Each structure stands twice: as C-alpha cells, then as structure tokens.
Number of protein chains: 2
Amino acid sequence: MNDACGSFKGSGENMSDLIKPDLPGGFKDYSPRQVLARQRMMRNIESVYRRFGFVPLQTSIAQRRQVLTGGKPSENRLWDMRVDKAAISTDPALTVTARFDLTVPLARYVAENVGTIVFPFRRYEYGDVFRGESPQAGRFCEFMQFDADIVGAQTGPADAEIVLCMANVMLALGITRFLIKVNDRKVLNGLAERVGFEPNSASAKALLRTLDKQDKIGLDGVLAELTASQPPEGEEETFAFDQPRLVKVTEFVTLCDGANSIEERLDRLERYFGETGIGAEGVAELRLIAKLVAAGGLPKEFWTVDPSIARGLGYYTGPVFETTLLDKPEFGSVYSGGRFDDLVARFTGESLPAVGASVGVDRLFAALEALSMTGTVEPDVDVFIISMDASFMPDYFAMACELREAGVSVEINMNYQDSSTRAQMGFGLSRRAPVMLFYGSGDAALGMVAVKNTVTRGQESVPRAQLVPKVLTILGRSA
Amino acid sequence: MNDACGSFKGSGENMSDLIKPDLPGGFKDYSPRQVLARQRMMRNIESVYRRFGFVPLQTSIAQRRQVLTGGKPSENRLWDMRVDKAAISTDPALTVTARFDLTVPLARYVAENVGTIVFPFRRYEYGDVFRGESPQAGRFCEFMQFDADIVGAQTGPADAEIVLCMANVMLALGITRFLIKVNDRKVLNGLAERVGFEPNSASAKALLRTLDKQDKIGLDGVLAELTASQPPEGEEETFAFDQPRLVKVTEFVTLCDGANSIEERLDRLERYFGETGIGAEGVAELRLIAKLVAAGGLPKEFWTVDPSIARGLGYYTGPVFETTLLDKPEFGSVYSGGRFDDLVARFTGESLPAVGASVGVDRLFAALEALSMTGTVEPDVDVFIISMDASFMPDYFAMACELREAGVSVEINMNYQDSSTRAQMGFGLSRRAPVMLFYGSGDAALGMVAVKNTVTRGQESVPRAQLVPKVLTILGRSA
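Residues numbered from 1 in each chain as written. Chains lettered and ligands numbered in written order. Predicted model: local features only at pLDDT ≥ 70, side-chain atom pairs only at ≥ 80, totals over all residues. Heavy atoms only, no water.

### Observations concerning the side chain of Glu46(A)
Part 1: Here Glu46(A) shows up in helix 2 (residues 32-51).
Part 2: Look past the residues within four positions of Glu46(A) in its chain and what remains in contact with it is Tyr124(A), Tyr126(A), Phe146(A), Gln39(B) and Arg43(B). (Helix = DSSP H or I, 4+ residues; strand = E, 2+ residues; numbered from the N terminus. Contact = heavy atoms within 4.5 Å.)

### Details of empty space enclosed by the protein
Part 1: In total, this model carries 3 cavities of 30 Å³ or more according to the counting rule given.
Part 2: Estimates place the volume of the largest cavity at around 740 Å³.
Part 3: Forming the boundary of the largest cavity are 38 residues, of which Tyr126(A), Met144(A), Tyr126(B), Gly127(B) and Met144(B) lie nearest the centre.
Part 4: If you list the elements that add at least two residues to the lining of the largest cavity, you get helix 2 and strand 5 (121-130) of chain A together with helix 2 (32-51), strand 5 (121-130) and strand 6 (142-151) of chain B.
Part 5: The residue makeup of the lining of the largest cavity, split by class, is 17 nonpolar, 8 polar and 13 charged.
Part 6: Estimates place the volume of the second largest cavity at around 80 Å³.
Part 7: Taken together, 13 residues form the lining of the second largest cavity, with Gln58(A), Lys28(B), Tyr30(B), Asp128(B) and Glu142(B) sitting closest to its centre.
Part 8: If one sorts the elements of the lining of the second largest cavity by residue count, strand 6 of chain B sits on top with 3 residues. (1 Å grid on protein atoms, 1.4 Å probe; cavity = no way out; pocket = protein on both sides within 12 Å on 5 of 7 lines; lining within 4 Å. Points joined across faces, edges and corners; volume = space filled by probe spheres on them. Nonpolar A, V, L, I, M, F, W, Y, C, P; charged D, E, K, R; others polar.)

### Let's talk about helix 10 (residues 243-253) of chain B
Think of an α-helix as 3.6 residues a turn; residues three or four steps apart then line up on the same face.
Residue and element names in this part refer to chain B.
Part 1: Those residues of helix 10 lying buried are Arg245, Leu246, Val249, Phe252 and Val253. Buried residues along helix 10 cover an arc of 120 degrees about the axis, so they all sit on one side. Structural note: helix 10 exposes Gln243 and Pro244 on the side pointing more than 90 degrees away from its buried face. (Buried < 20%, exposed > 50% of the residue type's maximum accessible area, 1.4 Å probe, protein only. Arc of directions from axis to C-beta.)

### Overview of the packing of helix 12 (residues 278-295) of chain A against helix 15 (residues 393-405) of chain B
Part 1: Direction vectors running N to C along helix 12 of chain A and helix 15 of chain B enclose 35 degrees, while the axes themselves pass 7 Å from each other. By crossing handedness, the relation of helix 12 of chain A to helix 15 of chain B is classed as right-handed. Taken together, the residues of helix 15 of chain B that come into contact with helix 12 of chain A (itself represented by Lys291(A), Leu292(A) and Ala295(A)) are Met393(B), Pro394(B), Phe397(B) and Ala398(B). (Axes fitted to C-alpha atoms, helices over the stretch in contact; angles between N-to-C directions. Left-handed = near helix turned anticlockwise from the far one by under 90°.)

Here you go:
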C-alpha cells in the first residue's frame, strides 16, 4: 500500500516536474524556413538602405524608462525589466525598460554622442522592440522594426530621400502594387488654426485625434464625434464645434475628393490655406518634396499627398508617411515614418531636425506571405551524404571537408543507426538537397562514389578524386 | 518679484525637465563602425555554419522563468520582465524572463515541436542574451551569442562536426593562433568514480567544482581546497579527502604533463581508467572524435584533449569544448560548448542527444580588436554629391537615382545651407567616399559633371550622360 502509493505519488511528481515547453503569451519563435525567408527580405531592405548611404547602428534593447517616455505617460504599454525580482524602483530614471521602437533609442544615442557624430547622420537599424500588446487581439509583444533615418537635415531634400528610399525598398521586395501617402503635420495644424484653436492646444489635439479615425469612422463619424465632444479642461470657452467650424472641417476632409494628381491636390490645399500661416508652410514643404521625389525618378503611381494622414499624436513635427499595400489594405501601413525635429531636444534642450521611416518587418512579412511573395524555398543544404556504413564515417568526413572547402554546404547524415538507405534518402529530400552521395564497401573497393542529382533523378558513379568537380557541375558552379 | 521668481522657477524646471541621455548600467550601443565590423565577423561565421548544413532559428527573447531555470535555482542572475510595473507573479511559470543563453530556448523549441522536426536538427542562431552581471566588473548585461547545435544525434560524428565547425569558423575569421580544448564530462565523472563518489552525488560535484578552478588556483590550490572542504549534507561518511584520494586526484591532474600529442594523452587516460567504467567510456568517445576530426582534415595544431576542462556544472553530459586565443589567452574561452543529452528531457521526460557550441560574439570581437584583426574600415558610401547650389537639388536627385539603379551607394549632402564646398568635401572624406561629384551652374551650362577620385585625388569633367559608367570605372565595377 505504502509502496503503491509511493510509486503513484512518485510518478505524479515526475509528471508535475516536467516543465511545459511553451512561450509566454504574445511571444513567438521563427522556424528555420521563416527565418530564411525573413532574412532574404531583410537583406533586400538592407541593400537599399546601403545604396541610400545609411550605415548601421545597434542600440541597446534596455533603456531607462524616462528616456523612452520623456517623463510623460506613455502611449504604449511598456515592458519593465529587473534582475531576479528585485524591488522595482518608482523612479523612472532608475527603471530599466525595453525599447518600444528604434526611434527614441536613436534620439538618445544622438544626444549622448552629439559632439562626435558628423551630421547629417544617416543610420539604419533593425531589431526587436517590445510592447505590452494584448495577445488576444493577435498582436505580438516582441516584434521587429527596420528603420532608416536622417538626423541633422532640414525638411525638404531629406524627406524626399526617405520617400524615395521607402519606394525603392518596396520595389526591391518585388512589390509594385503599393501607395506611399504623404502628409505634413503642419497641414493638420493649419486646419486647427483655421478652425480657431491655438497650435498644440488640447483642443487642436482633440480635433486631430478625431480626424485620425477618419478611415475607420468616415466623415459622418468624424462630424458626429466632434459635435458630441466635451471641451478639454481650461479650454471650455474656445472649444465648441459650431456650424462654421464643422463646415471648415468638412471642407478640409473632402478637399482632395476627385483630385487624382499630386499637383491638383497641392493646388487645392494651397487655395484652402492661402499664402500665410502654418498650413501654407506645410503645403510649401510638400511641394518641395514632390519636386524632388519626381526628380529622383519615382513614378507618380507609387505615391500621393493625402491630407488625412496623421500618424498618431506622437513625436512627429512635419512631413509624415505611410505605405498601403493595394492588394492587402487590411494589413494597414507596413512602412511609416515622418519628421521629428523635437525628439533629441528631450535630452539636449535644442531641436535637431530629423526624419525617417520604419518597416514593420513582421507585418510586412505576413502581408508578403498572404500575397505568396516570400519567394521560393531554397535547399537547406547542397549535398547530403548518406551514411551507408558507419565504418566509412572517416571517408564521409573527408568528402565533406573537400566539398566545404570548395564552398559547398554539406550535411553528413548522423541519424543512421536504425535507418535504411531509403529512409536516409527521404531525410535528405526533406532538406531539399540537390545532390546526395552514396559510398559503401562496393564503391570503396572500386574507388568510386555514387552521386545522385535529386532534381533530374540521374545517378552516376564517379572516381573519388572527381567528386568535387562533379558536384560543382551539378550545382552549376565553377570549380 | 513674483515674475522674477516665476521665471527663475520656470528655467529651473526646464533644466530639470531635460532627460539625461544615458543607458542603464551594464548596457551599451554599437556605433556604425563597430556594427559594420561585427556584421562582417557575423556573416563569416554564418557562412561557415551554412557550409556545415545548419539552418537559422530565431527564438523569442522572452521566456517563462521556469523554462529557463528548469524550476531550480539559476546559476545566473536573470532579467525578469513585466508590463508597466505590473505585480510580479511569484509563480515561475507565469514570470516572463529574458533568455540568458540560446541553448535553453533551443531545447524548449525542440520540445514544443518534437513531432514536426526532422532529426538530426542542425540549427544556428544569433541574438542577444541577458544576464544580471555586475557592470562594475566590466561585464555587460546584454550581449550576443552565435550558436550552432545538432539535436538528435548520438555522440561521435556530431561532436566531431562541431569541433571541425568551430575550427573552420576561427580560420574563416583569419585566426590561425587558436587552440580548441576538448574533454568529456564522463572523464571527470570517471575521476569521481575512481575516488569513490557516486556519480552525480554532491561529493562528486564538489570535487569537480574545485577541479574547475585549476587554471586559476593550480594543483596546490586544488589539493588545499579539497583537504579543507566540508562534506556535503548527507554524505558526511563517504566524503573525506584522505591521502589515497588526494593521490588519485594528483595523478589525474598531472596525467597529461609533457604529453603533447592527442594520441599520447588518450593513451595515458586509457591507462588511468582501464577498460571499464564511466571514465573509460569517456576516453572511447574522445578517441572516436579524434579519429573523425583528423579525417575531417583539421591539422593537429588547432586542437587537443585536455582532461581539466569542465565548462561549469551546467547541462553538459558528454564531450565539452572551449577555445583559447593563443595570443590573447586573457580573454578566456571565446567559443565553447558541449553535449547536453538531458536538456530537452526537462520538458518531455525523455533524453534527446544534442551537442553544440556558442561564439561569445562580444568577447571574440573585443579580442579581434585587441589583435587589430577586425579588418579595414570600408567606405560608408561610394559616391558623395556635393550640394554646390540648392537650386540644382533636383539634378543631384536624378544623378543619385541613376547611380543607385546601377548598384552604387550615394549620399547627397544635405548639410549645405551654411557649408562651403570645402567644408562639404571634408564631410564627404569623413564618409571615406571614393568618389565625389560637383555640379554647379558652370557645369550645368556645359552639360558636364566634375568627378573626383578621392583615392588618386584626380578630378575630371565628364559629360552628364557618361556619369554612371565613369563612376563604375573608378569603383572598379563593370557597367
């Protein structure tokens, strides 16, 4: 009884000792096939960034919380980090927090190294960022961004370079059905000005926040929300959305209806804002960008001016960009950015002009998968050596050595103890190896190796000394 | 008075509003020049891993704490993570913790996907890992590892492949003065057996823990520490280090003195252990590895058998490896690994043989820097366009477009507002651009562009239409 109980309990303990091999909710791994396809996408992006003169930076994932938030409440839920459940500091200067994007760590790096960096500083960076997203909503807490930014260049040419770079990235990925939408925060601030709100007032922000929802709730929704909205504290007297104000908002929102060309859109915006004020400034910035983007050779089908684009109420101060996949608009913007002239000032007290854009790597890759555009699956390995006879293992090692020295990738099968040659071949095919080698006692006696081309299914016996050139020929490489 | 006070306070607030742009202690950024050099190193490593048939995996940085620790106290201090200072769970199954290496996340991935992976699974992975290291000691809390492992292959060929792969990585990095030291945990367990301790007993572990310090404290230190050591709880009766035991330890530690060849070392180990027992098993494993490493073409100068290597008391169960740089031994092992047949069993209850090795990327890179072996600094960009006249910006954009389409990397200078041509040239030189372009009103009138070769310092005027071929010629590329 005692024994039975004991052994039952023992086996129960064993079971409960086993640790469940799952990830925390909201996190995921990438399988080799996914990594290889993502890697190909990333290296395409990287080569465009290099052609535009960007150099790579790598910032720390861990940052001080107040660096990330600017000492203000964060728009995003953030992951704090501490060693072995240490007491959590309530001081955001002492709290270690995982970066939620790559832009704030860039601004921090620039502020810390402002004396040694030669501006304009063109840097790219890819890496994981962390947000406290809800796994239930299918969003992930760790995801990759791939940014390019120019720090230390005024608006105009630098912004046009970013738009050109974005378009070249999309084209390098084989995507031709995309649209980059460009706006300027000054255009939106111009609307607030025309409506009669102070720039950056709570009223202006409330207006922009509602406008930002336009693609979800439509014009009617925007007007209804504005009519029903409560005045922000301290701005009760100036806030009310009366009929004249709603007319101005409606006029703005419908301004580009039916205007397909960028020129026509800019003309209408110019007429709406007149020649002075913040809105006119924004239109002038967009005109310069349009001129340079055209000079940079980008066909007009790939981009437009869209005055409804706001990109949230974050750190953007001038032009803003987003990118829609025309065949997968439901993925939202896969590549977004804008100008953030005031972000470095958080640390230095002085503005430093900056503009850039960020690929949402996971979102873009998911969209490419949905479009069946992630490319063909390459072989894991060029040559798969069947382990016909364990006593010939030293020969397999010698063959692998020679082939690898010739730049060929080789796997010697090491799951041979209980495997038939046939089972080993199935294993090699699962690696998609274009070449398989067979070498047993019969071959050894003749000094030959059997070389199988798994694509043509042809097989021939070649002298041992001819192995490397034969394999290179099958692979279509020169010796 | 009120005003003065107010403005004083205001300016004081401004100063204190500024956020200090530093990183938390123990974390760091990598500058573009460092990233470019590290990237070159990483891609060299990657190409060797690919030649050995490894495919890339990317695991989540965030893991469940109990997955990482196996439910036991951790050897390392770990970084726990939680969203916005949320309450910390005391349940290690619910605590999110950053990975401290890439091996445990591999074992977790394999356990979760054991039904779909085709074994042996050869995977490589690079990525940041996190430990609660002391910044005072010059150690970093976030650092990169670059691992290759074979999961699902018994000891022997797979271990030899790992040793060959390690050596090929070192050679691919241009390092020829290195030594890979190989041992087997069974050899060390064999010593414990000869001394009379149960395998895996607390006494055996205490002995190995002391032996592991041999390179720091020497043989005398080892013997002194053993003599003074207290018996582990429950093993008081069997523990004492009497003279016969100390003789056996001394004999083991000095076993390979004066034995330079691998064969001589294996022979002496064989004589020490005889033909049976765990130690003899370990020697037989090392013999097979030695035979296959030789067959794989590795010259004997690059590796040896060293019975003093233990690689800590972690998850290793068989052969263990470490790599010393002969000209920088003070960096310790830059590339280490071993066999861990029981790690997956933490999750599945069943052993799954596995072996691999991990490059300490930051340590190896620091050593390469100390050896002046990180390679030449490449240009940030091929072509630097001097912005002689802002009104020609569209022309600069058109030139950049043509050059980039030809695969040339181009930076248009955007810091031109207050910069002389001379200052712009200095800026272009700081980018190490081999080509600079000059195009002002004089050039435009003639339809020519001035092309400067910054290496030869020659400059010539070429027709606008000849720009791309001219630049390609200077860069030594074909059109």
